[in-house]
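# Tertiary structure, described
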Amino acid sequence: DQEEIKAGLQLPQKCVVKQTNTTGPYGYEYQGNNGRLVVTPMTDRCYMTLTTAMYLKRGGAPAGPAGTGKTESVKDLGKGMAMYVIVFNCSDGLDYKSLGRMFSGLAQCGCWGCFDEFNRISLEVLSVVAQQIQQISIAIKRRVDKFIFEETEIKLVPTCAVNITMNP
């Protein structure tokens, strides 16, 4: 079944995660033996969309009513791929400098960020944030080890990803 997330070896001897036509890195992040989400057709579609986005060096943006499992789906996919996921709860009090520091940390450690209720951030801040995310995305696509982010040279671990969730 192509829809399942499967781990496998790819030469030279590194573990990868495969789903549909995509292949992504296995993160080797041990997260304990705790529960997983129940897989439904909706979470399955969400996983396929997110893994395709990661394969294309993008982030995901699940949207839908509150309480439908958007953030939990991102976290559970991260667990299935052994990636560390940090959830940030967004509010209208966030500024571009605070978000820039968060993005810088994600880029340097290679983990995923899930910015919950991203639509609460003010439009003025979002215009700068879009440029910050684009800088990281371009650096990942160029496969560089370091890049200039907010006037500072930082290292890049290319497994990092920015995911956002939005409520209507």
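The structure reproduced in this document is the subject of the present report. If you're wondering where the values come from, they're calculated on a predicted model, not measured in any experiment.

Each helix and strand in the protein was counted, giving 4 helices and 8 strands. Moving toward the C terminus, one meets the helices and strands of the protein in the order β-β-β-α-α-β-α-β-α-β-β-β. For 168 residues, the compact-globule estimate of 2.2 N^0.38 gives 15 Å, and the C-alpha radius of gyration of the protein, at 16 Å, lies within 12% of that figure. Overall, the protein is about 45 × 40 × 30 Å in size when its C-alpha atoms are taken along their principal axes. Each of the 168 residues in the protein was classed as buried or not, and the buried ones make up 39%. Accessible surface, the protein: about 9800 Å² in total, of which carbon and sulfur atoms supply 53%. Of the side-chain charges in the protein, 18 are positive and 16 negative, and the distance between the mean point of each set is 6 Å.

A separate point is the environment of Gln-132. When you line up the elements, Gln-132 lands in helix H4 (residues 123-142). Measuring from C-alpha to C-alpha, the distance between Gln-132 and Gly-100 comes to 6.8 Å, with 32 residues separating the pair along the chain. Among residues more than four places away in sequence, those in contact with Gln-132 are Tyr-96, Leu-99, Gly-100, Phe-103, Phe-149 and Glu-150. Within the local environment of Gln-132, its side chain forms a polar contact with the backbone oxygen of Tyr-96, the two atoms lying 3.2 Å apart.

Direction vectors running N to C along helix H3 (residues 96-109) and H4 enclose 15 degrees, while the axes themselves pass 10 Å from each other. Looking at the two axes, H3 sits roughly parallel to H4. For the pair H3 and H4, the sense of crossing is right-handed. Contact with H3, carried on its side by Tyr-96, Leu-99, Gly-100, Phe-103 and Ala-107, involves Val-125, Val-128, Val-129, Gln-132, Ile-133 and Ile-136 of H4 and no other residues of that element. Looking at the contact of H3 with H4 residue by residue, the classes come out as 9 nonpolar, 2 polar and no charged.

Analysis parameters
Residues numbered from 1 in each chain as written. Predicted model: local features only at pLDDT ≥ 70, side-chain atom pairs only at ≥ 80, totals over all residues. Heavy atoms only, no water. Helix = DSSP H or I, 4+ residues; strand = E, 2+ residues; numbered from the N terminus. Rg over C-alpha atoms; globule rule 2.2 N^0.38 Å. Buried < 20%, exposed > 50% of the residue type's maximum accessible area, 1.4 Å probe, protein only. Areas by Shrake-Rupley, 256 points an atom, 1.4 Å probe, with all protein chains shown as cover. Lys, Arg positive; Asp, Glu negative; His and termini not counted. Charge placed at Lys NZ, Arg CZ, Asp CG, Glu CD. Contact = heavy atoms within 4.5 Å. Polar contact = N/O pair within 3.5 Å; in protein donor to acceptor, adjacent residues only side chain to side chain. Axes fitted to C-alpha atoms, helices over the stretch in contact; angles between N-to-C directions. Parallel < 35°, antiparallel > 145°, perpendicular 65-115°, else oblique. Left-handed = near helix turned anticlockwise from the far one by under 90°. Nonpolar A, V, L, I, M, F, W, Y, C, P; charged D, E, K, R; others polar.

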